[in-house]
Amino acid sequence: MAVIKRDETLSPLSLSDFKPQPKLVTRETQVARPRFPVIDAHNHLSLPGFGGWDTRPVAELLDHLDQADVRVYVDLDGGWGEDILHTHLDHFKAAAPERFRIFGGVDWTKWAELGDRFPDWAAGRLRQQAARGAQGLKIWKMLGLTVRDHQNQLVAVDDPRLDVIWATAGELKLPITIHIADPVAFFDPVDNTNERWEELHDNVDWQFPSPPFPTFLTIVNGLAAAVARHPKTTWVGAHVGCYAENLTWVGALLDRCPNFYVDISERIGELGRQPYSARRFFLKYADRILFGTDRPVDENIYPTYFRFLETDDEYFDYGNADIPRQGRWRIYGLYLPDDVLQKVYYKNAERVMLGIE
């Protein structure tokens, strides 16, 4: 009998070169259009890599949205400054008023200049933004991580000095979409145990070790405290409440605070690797979850989201890159029932973002 010689000295392989091809034979469902119309409740029009739509014809963008049956697009770029807010109101909102919602923001850089007057000033600016046409408030992760007051002290997410801003948003019936923490692994040491090692090495400014930054739980618990303190204000926790890795924690906050909602933007990579827990979460909180992508408008992103929500396909890519950006795993579809899909796709956002009961 012939003896097969085996190579006992396999050549070392760089992790960046490791691109395994699964041998599973599974169904691949193409979902070019959603089962129901969609409101994209979390996206951008000016961020680098998002298509540069502020310099392109609005009609071209609308063609792309029509192909995916996206009826309303919520643009959060007003949070980057009032100049952008005004530009987007004039360029997008004016061209298609029913298709776009443009959110305003807070200029945290003014705190050092204005001192104790800053919170009231910011609340006043929010009133001015609403009068100009802003239909919500976007708060980004600078709050809790880098925003400092006039005494150079880090400002906590639940700092009571900010109460006037949150109360003003509630008074004006402006929803607050708030993103105050990135994935948990971004706060962990970037060593051989970090599941986002590759992503963090490619984006070193996404690392938030403690110290010098607050811990992840300090930040998200601050969010929970602020939401609970302002029950008359509508809050949307971006990226599954900023804690997609722990749906039990998010669910507990939803249970405590009926004024709190979440969007699923840029987190199907997290949700899709825990399909049983994620499906239970969607079924239980069907009235509290908003569709969103936080991804560039292209021919691949929306169909991937639709496939994740609508099918029971197994073990498929959640992005376009050869090496998944968020982590080396694949996802599973949730196969949500129609009544849940309708709420997630548009009914919840109609109520929360558009004010339609």
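Conventions we followed
Residues numbered from 1 in each chain as written. Predicted model: local features only at pLDDT ≥ 70, side-chain atom pairs only at ≥ 80, totals over all residues. Heavy atoms only, no water. Patch = residues over 30% accessible without salt bridge, like charges linked within 9 Å, V, L, I, M, F, W, Y side chains within 5 Å. Areas by Shrake-Rupley, 256 points an atom, 1.4 Å probe, with all protein chains shown as cover. Salt bridge = Lys/Arg side-chain N within 4 Å of Asp/Glu carboxyl O. Helix = DSSP H or I, 4+ residues; strand = E, 2+ residues; numbered from the N terminus. Buried < 20%, exposed > 50% of the residue type's maximum accessible area, 1.4 Å probe, protein only. Pairing = 2+ DSSP bridges. Right-handed = clockwise from strand over helix to strand, strands pointing away. Disulfide = S-S within 2.5 Å. 1 Å grid on protein atoms, 1.4 Å probe; cavity = no way out; pocket = protein on both sides within 12 Å on 5 of 7 lines; lining within 4 Å. Points joined across faces, edges and corners; volume = space filled by probe spheres on them.

J.: What is the right way to look at a nonpolar patch on the surface in this model?
T.: Among the surface-exposed residues, Leu13, Leu15, Phe18 and Trp197 lie close enough to one another that they form a single nonpolar patch of about 390 Å² accessible area. Considering the arrangement of structural elements, one finds Leu15 in the segment before strand 1 (38-43). Under the relative-accessibility criterion, Leu15 is labelled partly exposed at 41%.

J.: How should the pairing of strand 1 be read in this particular structure?
T.: Remark: a regular strand shows side chains that alternate across the two faces of the sheet. Counting buried residues along strand 1, six of its six residues qualify, which places the element largely inside the surrounding structure. In this structure, strand 1 lies alongside strand 2 (residues 70-75), joined through four bridges in parallel fashion. Bridge assignment links Asp40 to a residue of strand 2, and that residue is Tyr73. Since strand 1 and strand 2 lie parallel, the crossover through helix 1 (residues 58-67) that links them has a hand, and here it is right-handed.

J.: Whenever I open this one, the state of the cysteines confuses me. Can you help?
T.: Covalent bonding between the sulfur atoms of two cysteines defines a disulfide. In the structure shown here, the tally under the stated rule is zero disulfides. Looking at the unpaired Cys257, the closest cysteine sulfur is the one in Cys242, lying at 14 Å.

J.: Explain the layout of surface pockets to me, please; I cannot follow it from the model alone.
T.: Take a probe with the size of a water molecule and roll it over the atoms, and the empty space left behind shows itself. Size it by volume and the largest pocket reaches roughly 570 Å³. What lines the largest pocket is a set of 27 residues, and nearest its centre among them are Trp140, Lys141, His179, Asp182 and Trp206. What the second largest pocket holds in volume is close to 470 Å³. If you go around the second largest pocket, you meet 21 residues; those closest to its centre are Glu28, Gln30, Arg307, Phe316 and Asp317.

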